[in-house]
Amino acid sequence: MNKRTFIKISSALITGVALSPLVSCKQGEKQHNWAGNLEYGTDRVFSPKTTEEIQELVKKYNKLKVQGTRHSFNKIADSADYLVLLKELNEITIDKDAMTVTAGAGVNYGQLARHLFSNGYAVHNLASLPHISIAGACATGTHGSGVKNGNLSTAVVALEMINGKGELVSLSKDKDGEQFLGAVVGLGGLGLVTKTTLSIQPTFNVRQDVYENLPLEQLKDNFDIIMSAGYSVSLFTDWQNKNVSQVWVKRRVEEGALYKVPGEFFQAKIATRNMHPITALSAENCTEQM
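A brief structural summary. Small disclaimer: the values here were computed from a predicted structure and weren't measured.

### With respect to the pattern of salt bridges
Side chains bearing opposite charge may pair, as long as their charged atoms lie close to each other.
Turning to step 1, where the next piece is worked out: Per the counting criterion, the structure on display carries six salt bridges.
Turning to step 2, where the next piece is worked out: A salt bridge links R207 to D209; the nearest nitrogen and oxygen atoms lie 2.8 Å apart.
Turning to step 3, where the next piece is worked out: Exposure remark for D209: the relative accessible area of 6% places this residue in the buried category.
Turning to step 4, where the next piece is worked out: Several salt bridges converge on common partners, so that one network encompasses R207, D209 and R251.

### Topic: helix α3 (residues 109-118)
Counting along an α-helix, one turn takes 3.6 residues, and residues three or four places apart therefore face a common direction.
Turning to step 1, where the next piece is worked out: The complete set of buried residues in α3 reads Y109, G110, L112 and L116. For α3, the arc enclosing every buried residue in end-on projection is 160°, short of the 170-degree limit, so these residues lie on one face. Set apart from the buried face of α3 by more than 90 degrees, the exposed residues are R114 and S118.
Turning to step 2, where the next piece is worked out: Each element contacted by the buried residues of α3 is listed here: β4 (92-95), β5 (100-104), β6 (121-122), α4 (134-139) and β9 (192-199).
Turning to step 3, where the next piece is worked out: The opening residue of α3 is N108, an N-cap whose side-chain oxygen sits 3.0 Å from the backbone nitrogen of G110.
Turning to step 4, where the next piece is worked out: Of the residues flanking the end of α3, it is G120, one or two places downstream, whose phi is positive at about 85°.

### Considerations on the sheet that holds strand β11 (residues 205-215)
Turning to step 1, where the next piece is worked out: Across the sheet, five strands lie side by side as β12-β13-β11-β15-β14; this open sheet has antiparallel pairing. For this open sheet the edge positions go to β12 (232-236) and β14 (264-265), each flanked by a neighbour on one side alone.
Turning to step 2, where the next piece is worked out: Relative to strand β13 (residues 243-253), β11 runs antiparallel, the two being bridged by 10 bridges. Among the inter-strand pairings, D209 is bridged to a residue of β13, identified as V249.

### Description of the nonpolar core
A general tendency of soluble globular proteins is for nonpolar side chains to be buried together.
Turning to step 1, where the next piece is worked out: By size, the foremost hydrophobic cluster in this structure holds 40 residues, and its most contacted members are V101, Y109, L112, L116, I134, L159 and L198.
Turning to step 2, where the next piece is worked out: For this core, the secondary-structure elements that each account for two or more residues are α2 (51-60), β4, β5, α3, α4, β7 (156-162), α5 (173-184) and β9.
Turning to step 3, where the next piece is worked out: If you look at the next biggest cluster of nonpolar residues, it comprises 11 residues, including Y211, I226, V249 and F265.

### Let's talk about the environment of P215
Turning to step 1, where the next piece is worked out: By the secondary structure assignment, P215 is in strand β11.
Turning to step 2, where the next piece is worked out: Setting aside its immediate chain neighbours within four residues, P215 contacts K242, N243, F266, Q267 and A268.

### Some details on the sheet that holds β7
Hydrogen bonds along the backbone pair up the strands of a sheet, which may run parallel or antiparallel.
Turning to step 1, where the next piece is worked out: Strand order in the open sheet formed by five strands is β4-β5-β9-β7-β8, with antiparallel pairing between adjacent strands. What marks the edges here is a single partner per strand, and that holds for β4 and β8 (168-172). Between one strand and the next, the sheet's axes are offset by a mean angle of 15°, whatever the strand orientation.
Turning to step 2, where the next piece is worked out: Sheet topology note: the β7/β9 ladder contains six bridges and is antiparallel. Residue pairing in the sheet places V156 in a bridge with L198 of β9.
Turning to step 3, where the next piece is worked out: Lying on the sheet, α2 is in contact with β7, β8 and β9; it crosses β7 at an angle near 55°.
Turning to step 4, where the next piece is worked out: Against the sheet, α3 engages β4, β5 and β9, with an angle of about 40° to β4.

### Things to note about the pairing of β12
Turning to step 1, where the next piece is worked out: Sheet topology places β12 next to β13; five bridges connect them, and they run antiparallel. Bridging from a neighbouring strand, V233 pairs with V249 of β13.
Turning to step 2, where the next piece is worked out: From the end of β12 to the start of β13, which pair antiparallel, there are six residues, and W239 there has a positive phi angle of about 60°.

About the thresholds
Each chain has its residues counted from 1, following the order in which its sequence is written. Only residues with pLDDT of at least 70 get local features here, since the model is predicted, and only at 80 or more are side-chain atom pairs given and counted; chain-wide, interface and lining totals rely on the full set of residues. To get the side-chain values, take all heavy atoms of the structure and skip hydrogens and water. By salt bridge we mean one thing: a side-chain nitrogen of Lys or Arg within 4 Å of a carboxyl oxygen of Asp or Glu. Type-normalised accessible area, obtained with a 1.4 Å probe on protein chains alone, sets the label of each residue: buried when under 20%, exposed when over 50%, and partly exposed for intermediate values. The helix and strand labels rest on DSSP assignments: H or I over at least four residues marks a helix, E over at least two residues marks a strand, and numbering proceeds from the N terminus. By arc we mean the arc of the directions from the helix axis to the C-beta atoms, nothing more. Contacts were defined at the residue level, with two residues in contact if any of their heavy atoms lie within 4.5 Å. Counting of polar contacts relies on pairs of N or O atoms within 3.5 Å, with two restrictions inside protein: one atom must be capable of donating a hydrogen and the other of accepting it, and residues adjacent in sequence are counted only when both atoms are side-chain atoms. Any two strands with at least two DSSP bridges between them are considered paired. The definition of a nonpolar core used throughout is a set of buried Ala, Val, Leu, Ile, Met, Phe, Trp, Tyr and Cys residues joined through side-chain atoms within 4.5 Å. To obtain each axis, a line is fitted to C-alpha atoms, and for helices this fit is confined to the stretch in contact; angles are then taken between N-to-C directions over 0 to 180 degrees.

Printed below as a string of structure tokens:
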């Protein structure tokens with residue numbers, strides 16, 4: 001993305017957030033997706049600050065599309081009519097007795113992780129990128145990682161949403177059974193999610209060991225073992241040289257436990273320098289390694 005495009009998109013996003021509720025964006029200031037390569041079909045964008053204001057919108061307009069962090073390459077969240085941004089719904093509440101956290105629809109995983117960590121808690125899994133909204137990630141079945149961890153939506157224990165009549169609806173795992181389970185990954189089709197409640201646990205540490213050049217033949221023959229080798233395992237490849245460029249093995253660190261890092265992992269060699277997931281790029285902005 002060039003500088004001119006970045007400034008234009010940034011300005012549009014800032015303006016959209018600053019608008020008062022029920023007032024549309026200025027003509028021509030359309031929203032873009034996260035990468036800036038997709039422009040949405042209307043400049044009529046609302047940024048409500050309260051649940052009541054959202055209810056008013058739903059009752060007033062026949063067609064509304066809700067946008068999260070717009071991390072999409074297609075027009076699934078596009079509309080030629082009206083768009084609703086929920087960034088103002090950013091409250092986070094921890095229930096220590098129930099071991100849950102409730103986040104407004106505008107809260108992303110970066111904000112949630114910082115808040116939880118400062119209070120001694122964590123969720124079992126996180127989105128790959130910190131700016132992804134919790135409500136959007138769970139509603140679309142976004143993956144997270146780790147073969148035994150469940151995707152991000154599996155942490156959801158309760159939802160608050162506004163249905164097509166503008167009514168406030170609350171669903172919980174304990175009280176609503178299959179109706180709740182069917183609503184968690186709702187793709188926005190059942191209503192506008194305003195709050196998501198997740199199960200939490202005490203904070204924990206994770207170590208990450210990076211290996212380079214895993215032969216594709218090894219991956220084919222040992223796929224289940226490789227992907228189960230840690231709490232979470234990530235593979236990065238450019239599909240060149242018949243290998244996986246990097247394997248990132250993440251393990252939970254238990255207090256007092258010692259772990260010796262093997263120098264080889266299915267013929268992949270332990271990295272001897274800080275690595276970016278794309279090998280050719282600088283690791284300057286990656287988590288400190290070595």
